[in-house]
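This is what each chain is made of:
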Amino acid sequence: MGRAVLSQFLMLSNSAPRLSSSLRSCGGLRSKYLKRPGLVRHNRAINGDNGAGFRCCCSVSLSQPATPETSSSSVKQRIVSGVQPTGAIHLGNYLGAIKNWIALQNSYDTLFFIVDLHAITLPYDTRQLSKATRNTAAIYLACGVDTSKASVFVQSHVRAHVELMWLLSSATPIGWLNRMIQFKEKSRKAGDENVGVALLTYPVLMASDILLYQSDFVPVGEDQKQHLELSRELAERVNYLYGGRKWKKLGGRGGAIFKVPEPLIPPAGARVMSLSDGLSKMSKSAPSDQSRINLLDPKDVIANKIKRCKTDSFPGLEFDNPERPECNNLLSMYQIISSKTKEEVAQECQDMNWGSFKTLLTDALVDHLHPIQVRYEDIISDPAYLDGVLAEGAEKAAAIADATLNNVYQAMGFLCR
């Protein structure tokens, strides 16, 4: 049977990498780096270019990117994205990332992968990693990623990710990594003795994931903006240090080595919150499974979690009241799952009590997730098919990644293989 497959982590362009407009403006990189060697600008504005060079697509609140640019040969821009295979894939992963991939794969050249190398930055169960990686790939396909439109692969199966990470590490000031908020938070919880170097340096691996494929756009959640900015900074830094005429003198193409990617943040569902705390993101690592809806949860489990989820005592239901974060979160879930507009949901639910709305939300979730669960069971029961999808996806991804990696080796002065 034709199987729906995974699509869309980063948007990349197959055209030759080019410097972004933020690099070409205001005197470009040359004067900036000559004045302050080894440094790149920080504290960029999130919305609009504003002369600071961080032009954010989400500032126009797009549900998907504007019509992709095409050349005379109709070359599509590219999207690449991925999810860690640790813990169960939950509703936040689905609504915040995977569901958006499905809409994007029809218009863009898309690559979606399982980021298993990121899964080992904290203690993990070695016996479960391989199984979880396969399960995550099967969920991608079950959710609608189409292998005829997108490449689906495992991060560790394309060795260029690790090689480029090492090369980028040589150009990454340690101060940049020390500023990463997630490292500070996770290391504080785990304690110094339990924190490996990988937890500090994994943003460099994330940059490698993005830059290998010459990404035009990167679908990211609000909490990943800082890591994407690091990727942009590294692209600019390497382009300046090794690109342009320096690269050309070594026999290369010259110009920019990396394309500087732009962020893409969906206007709804990008940050699905916990069922037990409307101010905390729904997370695999939360200690209580009651805080999340897992994509493979059976009907009775979903009903129980929604029945017991945190609400409030205000009359009626409404969006965007800062005193009612749980209400806003649950309404947003229902809006996306039901494919209704915010206005339609607001009108439908404004006079409901929590009992009636929870029944409505439960039914919508069960109806939406049931077909995904059926497809998942079909895919996971056919390991030969799944292995074939992952092998084909890795082969396609490696062809793109190796071309970028070879350019970096050349530009950095390495002896040709």
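Everything discussed here concerns the structure shown above.
Just so it is clear, the structure is predicted and the values come from calculations on it, not from any experiment. (Residues numbered from 1 in each chain as written. Predicted model: local features only at pLDDT ≥ 70, side-chain atom pairs only at ≥ 80, totals over all residues. Heavy atoms only, no water.)

J.: How should I be thinking about the overall build of the protein in this particular structure?
T.: Each helix and strand counted, the protein has 15 helices and six strands in total. Taking all 417 residues of the protein together, the buried fraction comes to 51%. Taking contacts inside the protein between residues at least 6 apart in sequence as the whole, the part at least 24 apart equals 78%. Carbon together with sulfur atoms contributes 53% to the accessible area of the protein, which is approximately 19200 Å² in total. (Helix = DSSP H or I, 4+ residues; strand = E, 2+ residues; numbered from the N terminus. Buried < 20%, exposed > 50% of the residue type's maximum accessible area, 1.4 Å probe, protein only. Contact = heavy atoms within 4.5 Å. Areas by Shrake-Rupley, 256 points an atom, 1.4 Å probe, with all protein chains shown as cover.)

J.: Would you explain the environment of R179 in this entry?
T.: Its location among the elements puts R179 in the loop between α6 (174–178) and α7 (181–190). Here R179 falls in the partly exposed class, since its relative accessible area comes to 40%.

J.: Looking at this structure, how should I read the packing of aromatic side chains?
T.: Each pair of aromatic rings is reported with the distance of its centres and the angle of its planes. One pass over the full model with this rule turns up seven aromatic pairs. Between W101 and F112, the aromatic rings sit 4.3 Å apart at their centres with planes inclined by 10 degrees, giving stacked as the arrangement. Of this pair, W101 sits in helix α3 (residues 91–104) while F112 is found in strand β3 (residues 109–114), placing the two residues 11 residues apart along the sequence. You'll find W101 and F112 in the same group, each marked buried. Centroid distance W354 to F357: 6.1 Å. Interplanar angle 75 degrees. Geometry classified as edge-to-face. You can see W354 and its partner F357 sitting in helix α14 (residues 354–380), three residues apart, about one turn around the helix. Each member of the aromatic cluster is reached from another via a ring pair, and the members are W101, F112 and Y140. Against the face of Y240 rests K246, its NZ or CZ located 4.8 Å from the ring centre. (Phe/Tyr/Trp six-rings, centres within 6.5 Å; stacked < 30°, edge-to-face > 60°. Lys NZ or Arg CZ within 6 Å of the ring centre and 35° of its normal.)

J.: Please explain the environment of F112 as it appears in this structure.
T.: Its relative accessible area of 0% is what places F112 among the buried residues. Sequence separation between F112 and S151 is 39 residues; the distance between their C-alpha atoms is 6.1 Å.

J.: What is the right way to read the state of the cysteines from this model?
T.: Simply put, the disulfide is a covalent bond whose two ends are the sulfur atoms of two cysteines. Inspection of every chain in the model, using the stated rule, returns zero disulfides. With no disulfide of its own, C349 lies 8.8 Å from the sulfur of C327, the closest cysteine sulfur. C349 gets classed as buried once you look at its relative accessible area, which sits at 1%. (Disulfide = S-S within 2.5 Å.)

J.: Mind showing me how you'd approach the pattern of salt bridges here?
T.: Pairing is possible between side chains that carry opposite charge, provided their charged atoms lie close to one another. In the structure shown here, the tally under the stated rule is 15 salt bridges. Across the salt bridge formed by D312 and R324, the nearest N and O atoms sit 2.9 Å from each other. Of this pair, D312 sits in the loop between α11 (299–308) and α12 (325–338) while R324 sits in the loop between α11 and α12, and the two are 12 residues apart along the sequence. Each member of the pair D312 and R324 is classed as buried. A salt bridge links E348 to K340, with the shortest nitrogen-to-oxygen separation between them at 2.9 Å. Salt bridges linked by common partners bring D289, R292, D297 and K305 together as one network. (Salt bridge = Lys/Arg side-chain N within 4 Å of Asp/Glu carboxyl O.)

J.: Would you mind going over the nonpolar core with me for this structure?
T.: Of all hydrophobic cores here, the largest spans 57 residues; its most connected members are L91, Y140 and F357. Ranked by the residues each element gives to this core, the list is headed by α14, at 10 residues. In this structure, I210, V220, A235 and A398 belong to the second largest nonpolar core, which totals 48 residues. (Core = buried A, V, L, I, M, F, W, Y, C linked by side-chain atoms within 4.5 Å.)

J.: What is the right way to read the side chain of T110 from this model?
T.: Mapped onto the secondary structure, T110 falls in strand β3. When its relative accessible area of 1% is taken as the criterion, T110 is described as buried. At a separation of 3.2 Å, a polar atom in the side chain of T110 contacts the main-chain carbonyl oxygen of K149. (Polar contact = N/O pair within 3.5 Å; in protein donor to acceptor, adjacent residues only side chain to side chain.)

J.: Any chance you could explain α3 here in plain terms?
T.: If you check α3, its first and last C-alpha atoms are 19 Å apart, about what 14 residues at 1.5 Å a residue would give, namely 20 Å. A bend of about 30 degrees at A97 is the largest found in α3. Taking burial as the measure, the 14 residues of α3 include 10 buried ones, the bulk of the element. Within α3, burial applies to L91, G92, N93, Y94, L95, G96, I98, N100, W101 and L104. (Expected span 1.5 Å × (residues − 1). Bend = angle between axes of the 7 residues up to and from the residue.)

J.: Looking at this structure, how should I read α11?
T.: Each α-helix winds once per 3.6 residues, and so residues spaced three or four apart point in a common direction. Of all the positions in α11, only I302, K305 and I306 are classed as buried. Down the axis of α11, the buried side of the element spans an arc of 95 degrees, and every buried residue falls inside it. Every exposed residue of α11 that faces more than 90 degrees away from the buried side is listed here: D300, K307 and R308. Elements that come into contact with the buried residues of α11 comprise α14. (Arc of directions from axis to C-beta.)

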